[in-house]
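# Summary of the model geometry
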Amino acid sequence: MAVGEARSRASTGRRVAAALATLAAVLVVYYCLPLRHAPGGFALGLRIFGLVAGLALLGWLFVRQVAAGRRETSARSRSAWLFAGICVTVVLFATTYYSLAYYGQEMAGIRTRTDALYFTVTVLTTVGFGDIRAVGQTARVVVTLQMGFDVLFVATAGSVLRATGPRSPA
């Protein structure tokens, strides 16, 4: 095995480990956030503002990752960071859905954080079993925002990252 190939594998391994550590950290933070300690209306507005700010940050990070992916040769490395970005997106939306269910009774069927995580993933994957649904206007706007975000950023970032991979010689 060439020295350059060994370094590349070690670097990819570190990036995959970092992406998995990010996923674990995000889930720990999600399950530990004190979401039920603030008064309703203001806290809900603050969380929705946090969602929008978080999505803006994620959009910026996706753009940076796509640019870095053009310089990167490892598809695994690019995929690991895309995966981590998707995980952060899921947790941002799950936190918002949980808050909408708890503070505003905007979501039918969400009683726990796991319910909110489950609903977020069903929207992301477009499965939509129908057991949990948005019943309020604010919740419907957030679900629509998630669908748009998923299509615009996640799908686009995935296809661009795939397209920027190493090309075979012609």
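Each value, and the rule that gives it
Residues numbered from 1 in each chain as written. Predicted model: local features only at pLDDT ≥ 70, side-chain atom pairs only at ≥ 80, totals over all residues. Heavy atoms only, no water. Phe/Tyr/Trp six-rings, centres within 6.5 Å; stacked < 30°, edge-to-face > 60°. Patch = residues over 30% accessible without salt bridge, like charges linked within 9 Å, V, L, I, M, F, W, Y side chains within 5 Å. Areas by Shrake-Rupley, 256 points an atom, 1.4 Å probe, with all protein chains shown as cover. Salt bridge = Lys/Arg side-chain N within 4 Å of Asp/Glu carboxyl O. Helix = DSSP H or I, 4+ residues; strand = E, 2+ residues; numbered from the N terminus. Buried < 20%, exposed > 50% of the residue type's maximum accessible area, 1.4 Å probe, protein only. Expected span 1.5 Å × (residues − 1). pLDDT = per-residue confidence, 0-100. Core = buried A, V, L, I, M, F, W, Y, C linked by side-chain atoms within 4.5 Å. Contact = heavy atoms within 4.5 Å. Lys, Arg positive; Asp, Glu negative; His and termini not counted. Polar contact = N/O pair within 3.5 Å; in protein donor to acceptor, adjacent residues only side chain to side chain.

The next point concerns the packing of aromatic side chains. By the definition in use, this model includes six aromatic pairs. Among the aromatic residues, ring-to-ring pairing joins Phe93, Tyr97, Phe119 and Phe149 into one connected group.

Below, the discussion takes up a nonpolar patch on the surface. Among the surface-exposed residues, Tyr118, Val127 and Phe129 lie close enough to one another that they form a single nonpolar patch of about 300 Å² accessible area. As for its placement among the helices and strands, tyrosine 118 is situated in helix H4 (residues 113-124). According to the relative accessible area criterion, tyrosine 118 is partly exposed, its value standing at 33%.

Our focus in this paragraph is H4. Three- or four-residue spacings in an α-helix give side chains the same orientation, since the helix completes a turn every 3.6 residues. In a regular helix each residue adds 1.5 Å, so twelve residues correspond to 16 Å; H4 covers 17 Å between its end C-alpha atoms and thus fits that length. Among the residues of H4, Arg113, Ala116, Leu117, Phe119, Thr120, Thr122 and Val123 are the ones counted as buried. Looking one or two residues past H4, threonine 126 carries a phi angle of roughly 60 degrees, positive in sign.

To continue, consider the confidence of the model for the chain. For the chain, mean pLDDT is 77; residues scoring 70 or higher make up 66% of the total. Summarising per-element confidence for the chain, the mean pLDDT is lowest in helix H2 (residues 40-71) (68) and highest in strand E1 (residues 107-108) (95).

Another point: unusual backbone geometry. Trans peptide bonds make up the majority, and among non-glycine residues the majority have a negative phi. Residue threonine 126 is not a glycine yet carries a positive backbone phi of 60 degrees. Among the secondary structure elements, threonine 126 is positioned in the loop between H4 and strand E2 (133-134).

Here we come to the nonpolar core. Counting 25 residues, the largest nonpolar core has Tyr97, Met107, Ile110, Ala116 and Phe119 as its most contacted members. Within the residue set of this core, elements represented by two or more residues are helix H1 (3-32), helix H3 (75-104), H4 and helix H5 (137-163). The element contributing the most residues to this core is H3, with eight residues. With near-sequence residues (within four places) excluded, isoleucine 110 lies in contact with Tyr97, Tyr98, Ala101, Asp115, Ala116, Phe119 and Ile132.

Secondary-structure assignment places glutamate 106 in the loop between H3 and E1. No salt bridge is formed by the buried glutamate 106; its nearest oppositely charged neighbour, arginine 140, is found at 7.5 Å. Engagement of the side chain of glutamate 106 in a polar contact is seen with the backbone nitrogen of alanine 139, the distance being 3.0 Å. Discounting chain neighbours no more than four positions away, the residues touching glutamate 106 are Leu100, Ala101, Arg133, Ala134, Val135, Gly136, Gln137, Thr138 and Ala139.

Checked against the element boundaries, tyrosine 102 lands in helix H3. The class of tyrosine 102 is partly exposed, set by a relative accessible area of 33%. Measuring from C-alpha to C-alpha, the distance between tyrosine 102 and threonine 112 comes to 9.2 Å, with ten residues separating the pair along the chain.

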